[in-house]
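What the coordinates show
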Amino acid sequence: MRSCFVPRVSALLGGAAALIALCGSAAAQGMPPAATPAKEGFFPFVIPWDDAASGAEGSVTDVSYLNAKPAGLNGRIIVRNGHFVETKTGTRVRFLGTNFSFAANFPRHEDATKIAAHLAKLGINIVRIHHHDADYGLLWDKSQPNHQQIAPTSRDRLDFLIAELKKNGIYVNLNLHVSRKFTAADGFPASVEQIALAYDKRVDNYDRRMIELQKQFARDYLTHINPYTKQSYVADPCVAMVEINNENSLVDQAAENLSAGLSDLPEPFQGDLAALWNQWLRKKYRTDTALRDAWRAGVTPPGPSLVNGASRWILERQGSSVAALTSAPATGAEVSATGPEAAPPVAATVRAVDGTDWHIQAQLTGLDLKEGANYTLRFRAKADTVRRLKINAGLDQADWRRVGMEADASLGTDWQTYQYTFAASQVVPGHSRIAFVLGDQIGTISLRDVSLRPGVDAALAAPAGSLTDATVRMPQTGTALVRRDWLHFLSDTERAYADEMRGYLKATLGVASPIIHSQISWGGAAGLYREAEMDFADNHAYWNHPNFPGRSWDPKNWTIANRPMVGDLATGGRGTLLGLAEYRVAGKPYTISEYNQPAPSDFQCEMVPEIAAFAAAQDWDALFLFDYGGYGAGAPSDRIQGFFGIGSNPAKAAFLPAAALLFREARIAPLTAAKTLDLTAAALRDGVPLAKLWLRAAPETPVERLGIRHSVRLAATGRLAKGPAAHSGAAAASPVRVTNEAGGRFTVATGSVGASAGFLGGGSEVRLGSARIQVASFGNNFCALTLTPLDADTRSPSLLLTLVGKVENANMGWNGRRTSVGNQWGTGPSLAEFVPATVTVPAPPGSLVWALDATGRRSRAIPVTFAGGLLTFRTDAAARTVWYEIARAK
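Residues numbered from 1 in each chain as written. Predicted model: local features only at pLDDT ≥ 70, side-chain atom pairs only at ≥ 80, totals over all residues. Heavy atoms only, no water.

The subject of this paragraph is the overall build of the chain. Counting its secondary structure elements, the chain contains 17 helices and 41 strands. Taken over C-alpha atoms, the radius of gyration comes to 29 Å for the chain, in line with the 29 Å a tight globule of 890 residues would show. Per-residue burial over the chain gives 61% buried out of 890 residues. Sequence-distant contacts in the chain: of pairs separated by 6 or more residues, those separated by 24 or more amount to 76%. When the accessible surface of the chain is split by element, carbon and sulfur atoms take 53% of a total near 30,500 Å². One finds the centroid of the 89 positive side-chain charges in the chain at a distance of 3 Å from the centroid of its 82 negative side-chain charges. (Helix = DSSP H or I, 4+ residues; strand = E, 2+ residues; numbered from the N terminus. Rg over C-alpha atoms; globule rule 2.2 N^0.38 Å. Buried < 20%, exposed > 50% of the residue type's maximum accessible area, 1.4 Å probe, protein only. Contact = heavy atoms within 4.5 Å. Areas by Shrake-Rupley, 256 points an atom, 1.4 Å probe, with all protein chains shown as cover. Lys, Arg positive; Asp, Glu negative; His and termini not counted. Charge placed at Lys NZ, Arg CZ, Asp CG, Glu CD.)

Below, the structure written as C-alpha cells:
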C-alpha cells in the first residue's frame with residue numbers, strides 16, 4: 001500500500017512545464033469533433049470539465065442536491081461514536097472526495113467557480129488540498145530564497161478556490177506537509193539537499209529546526225483570514241480534516257530492513273538521530289552492563305550453515321544490464337575454509353549497468369528461515385576496485401520483501417571478512433534468499449566462504465559502542481533483541497513528534513477539526529501506536545501502480561501489470577480492499593485519502609464501483625480518489641491525462657454520481673458481523689506484520705476473507721492480545737459476493753441497488769435483487785456497472801444505470817504485451833467501449849428509458865418492453881453512452 005510523491009503527476013498536465021504553470025480557463029467542452037474517427041466497438045465520451053447544468057428536465061447524474069450548502073451550514077465536523085457528524089444536527093456525514101495536487105490548487109478565479117460547481121454535480125463533497133507545498137513556484141514566494149513565505153497570488157487563488165468549494169457544499173482536507181523541501185536558506189547545512197528528494201521525510205520527525213518550521217507554516221496557513229469567507233481555517237467549519245504529514249514514518253520499512261536508509265543519512269542528521277538513540281537506550285538500561293546483558297540474553301551459538309558446497313548460485317539480470325557469474329575455486333594463497341559449510345566460491349563480472357542496481361544480483365535461494373530466529377551471515381569478498389556492495393535477506397518470490405537484513409559493505413582489492421547478524425521477520429517457509437546486489441557499477445566482485453548460520457556469537461550480540469560516551473551505533477542489522485529495541489525507539493520517536501504537532505495545533509492554534517498525523521499503514525502495526533491520540537485513521541492504496549524498471553518515473557520506461565483486481569480477490573488474494581480493511585480502528589472514523597487503479601489499465605472501470613460499494617459495506621467514513629488531474633485552459637480535459645487523473649477519465653468520473661449514492665447515502669447495507677483484533681502497545685511496536693497478527697487472532701477465518709464476511713477493525717486495549725479476535729453481531733448474509741466465475745466477479749447489492757465488476761460478458765446474468773442485467777459477449781467481456789435509485793426508496797421513480805467497459809484515448813500506443821504505452825498516451829477524445837446488455841427492472845407500464853449524453857441530459861429514447869411488472873431494454877450502441885436513466889411511471 002504505497003503512493004509516491006512528486007513525479008506521479010508529471011503525466012497529469014503534460015510534463016514539468018505544465019506542473020509549474022497555474023491552471024487557466026476552459027479547454028475542451030462537450031463532445032469532440034465528429035471528424036475524429038472512433039476505434040471499432042468504441043465511441044467518444046468526454047465529460048466536460050466545467051459542466052454543472054442539468055437542463056430543464058433535470059439530470060439523474062446531477063447529485064449536487066446531496067451537498068448542504070455552504071459546507072459547514074450545520075456546524076463543523078466532529079467525531080462522535082466512531083464517525084463524522086455535524087455539530088448542530090448530530091447527523092452523520094460520509095465524504096466522497098478527490099485530491100487536488102500541485103497547480104490544481106491555484107486556478108484562476110473563473111475556473112475555480114466552474115470546477116467547484118462541476119464537482120458538486122458529480123457528488124463530491126470534499127477535496128484534499130495536496131502537494132500545494134511542492135517546490136515548483138506555486139505556493140512559495142519566489143522572491144525569497146527560502147520556503148517559508150507564501151506567495152500572495154498563490155494564497156489568493158487557493159483562498160478563492162476553497163471559498164468556491166465551500167459555497168457548493170464541498171469541505172476541504174488541509175495537508176500541512178506533503179512535498180515541501182527545506183533548503184540551506186531555511187537555516188540548514190548544505191547536506192539538507194541530499195534528503196530533499198524525499199521531502200525530508202522521517203528526518204522531519206526529529207530534527208528540531210524542521211519541526212519548528214512545520215509549526216510556523218501551520219500557524220501562517222491555518223490562522224490566516226480567507227478574505228472570501230472572512231474566516232481563518234482554524235475557525236472555518238468547511239475544514240473537515242487536517243493532516244500533519246503525508247505518508248511519513250520513521251518505522252516504515254524498518255521491520256523488513258532495520259536501517260531502512262537511516263544509516264545513509266548525511267550529517268548532521270544521522271548524528272542527531274544516533275544521539276536520540278543513545279538517549280533512549282540510556283533511559284531504558286542506564287548502564288553499559290545492563291545493555292550488554294540484555295542484548296546477549298537468550299542468544300545461542302551458531303549452528304550448521306544453511307548454505308553449503310552443494311548450494312547453487314543464481315544470477316538475476318534485468319533491463320539492459322549485462323553480467324556473468326563464474327566459479328572461482330580457491331588457489332595458492334587464497335585457499336580458505338571453503339567446504340561443506342560454505343557456498344561455492346564465485347566471481348561476478350558486470351559489463352553493463354542500466355541505472356538500477358538490483359537489476360544484477362547474485363543469489364542463494366530457497367532458504368528456510370524461521371520467523372523471529374537469529375542468524376549470522378558471514379563471507380569474504382574483494383573487488384577489482386574500491387566499491388560498495390549491498391547485501392540483503394529477502395523473499396525469493398513476490399512481493400520480494402526484505403526479511404530482516406539489508407546492509408552495505410565497503411570492498412577493497414584485497415580479501416576482507418564481513419559478518420552480519422539479523423533476526424528473520426515476515427518470512428515465508430522455504431522462500432528466503434541472500435542476495436548480493438551488483439548492478440551499481442561495472443567490474444568484478446569475488447565472493448567466497450559464504451555461510452548463513454542460525455544463532456549468533458555472544459560477542460557479536462553485544463552493542464558496538466558505549467552508553468557512557470553515547471557512541472552506541474544505530475544498527476544496520478542485529479539480533480531479535482536489538483531489533484526490538486530499535487523498532488521501539490523509532491516508534492517512540494515518531495509518536496512523540498506526532499503528539500507534539502497535534503498538541504500545537506489543538507492547544508496553541510485552536511484547531512477544532514479532526515486531525516491525523518499520517519497514514520496508519522505507514523509503519524505497519526506501529527502506525528496504530530503513532531496515531532493513538534489522533535481523531536481518525538487514514539490510509540492509501542493503489543492497485544497495479546506503475547513500475548519503473550529503470551530511472552524512477554521515466555515517462556517512457558514503465559509498465560503496469562494490467563490485470564483485474566477482482567481476479568486476485570476471486571483466487572484468494574487480498575487486492576487492495578482487504579488490506580485496507582485490516583487497518584480500520586475501532587471507535588474512530590476511517591478514511592481512504594488516496595485510492596486509484598491507474599490508467600491505462602484495461603480493467604480500470606472496476607475501481608470506483610468496487611471501492612465505493614465495499615466501503616459502504618464496511619461502513620467507512622470517507623473516500624478520496626487520487627487525484628483529480630488538470631482542468632481549465634491548457635489542460636487536456638478531453639482525454640485520459642495520465643496514470644492518476646480521474647476528472648477526464650470516463651472509466652472513473654462516470655461512476656462518481658453512483659458512488660455518491662451508494663457510499664455517501666449508505667444505499668448498501670453495512671455488514672452486521674464484526675471481527676475486532678485487540679493488541680497491546682508492545683505488540684504494535686514489535687514489527688510483526690498486521691496480517692500475521694490477524695491470522696493468529698482469527699485462525700478460523702482466512703485473512704483474505706475477513707473483509708468479505710465481516711466488518712473488520714483494530715483496537716489497542718490489550719484485553720484480547722493473546723486470545724482470538726472478538727466476534728460481534730449476527731452472522732447475516734453478506735451483501736459482498738466474490739466468485740471465480742469466468743475469471744472473477746465482484747458484486748455488492750442491497751435489494752435492487754448495487755454494483756458489479758468483472759468478467760460479466762458472455763451471456764450470464766448479474767442479479768441485483770429483482771433487477772437483472774445480462775451482458776452479451778464483447779471484447780474481453782470485462783466491465784463494471786452500478787444501478788442506483790435517486791433516493792433511499794428502491795422504488796424510486798428514477799434509476800441510474802452506469803455501464804463501462806474499456807476506456808482509452810484515441811491513438812494510444814500500446815506495446816505488444818499491453819503493459820505500457822510509454823509516452824504515447826494518444827489524443828482526445830477519450831473512447832469508451834460499448835457494452836451490449838439486456839436490463840430488466842421492476843417498473844409499471846408507461847415507464848421510459850433514456851440514453852444520456854456526457855452532461856447527463858436525455859439524448860435518446862430507448863425502446864422498452866413490459867411483462868409481469870418488469871421493464872426490459874437493451875443498451876444501444878448508437879446512443880454512444882455509459883449512462884442510462886430508467887424513469888419509472890408513478
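Among the nonpolar cores identified, the biggest contains 161 residues, and Phe95, Leu222, Leu505, Tyr595 and Trp620 are the most heavily contacted of them. Of the residues forming this core, the biggest block, nine residues, is contributed by helix H12 (residues 607-618). In contact with Tyr595, not counting residues within four places along its chain, are Ala541, Met565, Thr576, Leu577, Leu580, Met607, Ile611, Phe624, Leu625 and Phe626. Of all hydrophobic cores here, the second largest spans 38 residues; its members include Val307, Met405, Leu411 and Ala424. (Core = buried A, V, L, I, M, F, W, Y, C linked by side-chain atoms within 4.5 Å.)

Turning next to helix H14 (residues 656-664). Three- or four-residue spacings in an α-helix give side chains the same orientation, since the helix completes a turn every 3.6 residues. Along H14, nine of the nine residues are buried, which leaves the element largely enclosed by surrounding structure. Listed in full, the buried residues belonging to H14 are Leu656, Pro657, Ala658, Ala659, Ala660, Leu661, Leu662, Phe663 and Arg664. After H14 finishes, the residue Ala666 shows a positive phi value of roughly 55°.

Turning our eyes to something else, we now look at helix H4 (residues 208-222). With 15 residues, H4 should cover 21 Å at 1.5 Å per step; its first-to-last C-alpha distance of 21 Å lies within 8% of that length. Within the sequence span of H4, burial applies to Met210, Ile211, Leu213, Gln214, Lys215, Phe217, Ala218, Tyr221 and Leu222. Backbone nitrogen of Arg209 and a side-chain oxygen of the N-cap are separated by 3.1 Å at the start of H4; the cap is Asp207. (Expected span 1.5 Å × (residues − 1). Polar contact = N/O pair within 3.5 Å; in protein donor to acceptor, adjacent residues only side chain to side chain.)

Let us now look at the packing of H4 against helix H8 (residues 480-509). Look at H4 against H8: their axes get within 11 Å of each other, and the N-to-C directions meet at 30°. Relative to H8, the element H4 lies roughly parallel. Viewed along their axes, H4 and H8 form a crossing whose handedness is right-handed. Of H8, the residues touching H4 (which contributes Arg208, Ile211, Glu212, Gln214, Lys215, Ala218, Arg219 and Leu222) are Tyr497, Glu500, Met501, Tyr504, Leu505 and Leu509. Here the residues of the contact of H4 with H8 sort into eight nonpolar, one polar and five charged. (Axes fitted to C-alpha atoms, helices over the stretch in contact; angles between N-to-C directions. Parallel < 35°, antiparallel > 145°, perpendicular 65-115°, else oblique. Left-handed = near helix turned anticlockwise from the far one by under 90°. Nonpolar A, V, L, I, M, F, W, Y, C, P; charged D, E, K, R; others polar.)

The next subject is the packing of aromatic side chains. Note on aromatic pairs: each is described by the distance of the centres and the angle between the planes. The final tally for this structure, using the stated rule, is 42 aromatic pairs. Measuring from centroid to centroid gives 5.7 Å for Phe626 and Phe644, while their planes differ by 75°, and the two rings are edge-to-face. With Phe626 in the loop between strand E23 (622-625) and helix H13 (650-653) and Phe644 in the loop between E23 and H13, this pair connects stretches of sequence that are 18 residues apart. Comparing Phe626 with Phe644, the two get one shared label, buried. A connected cluster of aromatic rings, assembled from ring pairs, spans Tyr542, Phe548, Trp553, Trp558, Phe626, Phe643, Phe644 and Trp825. Its guanidinium or amino end placed over the ring of Trp415, Arg380 lies 5.2 Å from that ring's centre, counting from NZ or CZ. The residue whose ring lies beneath Arg685 is Tyr529, and the NZ or CZ to ring-centre distance is 5.3 Å. (Phe/Tyr/Trp six-rings, centres within 6.5 Å; stacked < 30°, edge-to-face > 60°. Lys NZ or Arg CZ within 6 Å of the ring centre and 35° of its normal.)

Within the open sheet, the five strands sit side by side as E30-E31-E36-E40-E39. Their pairing is antiparallel. Each edge of the open sheet carries a strand with a single partner, namely strand E30 (765-768) and strand E39 (864-867). When strand polarity is set aside, the average angle formed by the axes of neighbouring strands in this sheet is 20°. The pairing of strand E36 (residues 837-842) with strand E40 (residues 870-874) spans five bridges and is classified as antiparallel. (Pairing = 2+ DSSP bridges.)

On inspection of all chains with the given rule, the structure shows 43 salt bridges. Between Arg128 and Glu243 there is a salt bridge; the shortest N-O distance is 3.0 Å. Taken as a pair, Arg128 in strand E5 (residues 126-130) and Glu243 in strand E9 (residues 239-245) lie far apart in primary sequence, 115 residues in all. Glu741 is the salt-bridge partner of Arg745, the closest N and O atoms lying 3.5 Å from each other. Accessibility expressed as a relative area gives 6% for Arg745, which makes it buried. The class of Glu741 is partly exposed, set by a relative accessible area of 41%. (Salt bridge = Lys/Arg side-chain N within 4 Å of Asp/Glu carboxyl O.)

Let us now look at the environment of Arg380. Here Arg380 shows up in strand E14 (residues 374-383). Since its relative accessible area comes to 17%, Arg380 is described here as buried. Taking the C-alpha atoms as reference points, Arg380 and Val585, 205 residues apart in sequence, are found 48 Å from one another. Within the local environment of Arg380, its side chain forms a polar contact with the side chain of Asp449, the two groups lying 3.0 Å apart.

This paragraph deals with the packing of helix H5 (residues 269-285) against helix H6 (residues 288-296). Where H5 meets H6, the closest approach of the two axes is 9 Å, and the angle between their N-to-C directions is 90°. With respect to each other, H5 and H6 are oriented roughly perpendicular. Facing H5, whose interface residues are Trp277, Leu281 and Tyr285, H6 presents Ala290, Leu291, Ala294 and Trp295. The class makeup of the residues in the contact of H5 with H6 is seven nonpolar, no polar and no charged.

All right, on to the sheet that holds strand E1 (residues 42-44) then. Spatially, E1-E35-E34 is the arrangement adopted by the three strands of the open sheet, whose pairing is antiparallel. Bordering the open sheet on either side are E1 and strand E34 (807-810), each of which pairs with just one other strand. Going across the sheet, the axis of each strand differs from the next one's by a mean of 40°, ignoring polarity.

The next thing to look at is the pairing of strand E2 (residues 77-80). Here E2 runs beside strand E3 (residues 83-86); their pairing, made up of four bridges, is antiparallel. Bridged to Val79 within E3 is Phe84. Count of turn residues in the E2/E3 antiparallel hairpin: two residues, of which Asn81 carries a positive phi of about 55°.

Here the focus is the confidence of the model for the chain. Predicted coordinates in areas of low pLDDT are best not read in detail. The predicted model of the chain averages 89 in pLDDT, with 90% of residues at 70 or higher. Counting interchain partners and residues more than four positions distant, the pLDDT-below-50 stretch residues 719-724 has eight contacts. (pLDDT = per-residue confidence, 0-100.)

For strand E11 (residues 322-327) and strand E12 (residues 346-352), the ladder comprises six bridges, and the chain directions are antiparallel. Opposite Val322, over in E12, you have Ala352 as the bridge partner. Where E12 and strand E19 (residues 443-454) come together, five bridges link them in antiparallel fashion. Across the sheet, Ala347 pairs through a bridge with Ser446, a residue of E19.

Right, let's get into the side chain of Asn125. Turning to its location among the elements, Asn125 is positioned in the loop between helix H2 (109-122) and E5. Of the polar contacts made by the side chain of Asn125, one reaches the backbone oxygen of Arg94; its length is 3.1 Å. Within the structure, Asn125 has its side chain in polar contact with the backbone nitrogen of Leu96 (distance 2.8 Å). Other than its neighbours up to four places away in sequence, Asn125 contacts Asn67, Val93, Arg94, Phe95, Leu96, Gly169, Ile170, Tyr171 and Arg664.

What follows concerns unusual backbone geometry. Of note, the amide linkage connecting Ala398 to Asp399 takes the cis form, showing an omega dihedral of 15°. Among the structural elements, Asp399 can be located in the loop between strand E15 (387-395) and strand E16 (402-411). Between Ala599 and the following residue, Pro600, the backbone shows a cis peptide bond with an omega angle of 5°. When you line up the elements, Pro600 lands in the loop between strand E22 (590-596) and H12. Phi at Asn562 is positive, roughly 50°, even though this residue is not glycine. With respect to the helices, strands and loops of the structure, Asn562 is situated in the loop between strand E21 (537-542) and helix H10 (565-570). Overall, the relative accessible area of 12% leaves Asn562 in the buried class. Phi angles above zero are rare outside glycine, and Arg880 is one such case at about 50°. Relative to the helices and strands, Arg880 is located in the loop between E40 and strand E41 (883-887). Taking the relative accessible area as the measure of exposure, Arg880 reaches 42% and is therefore partly exposed.

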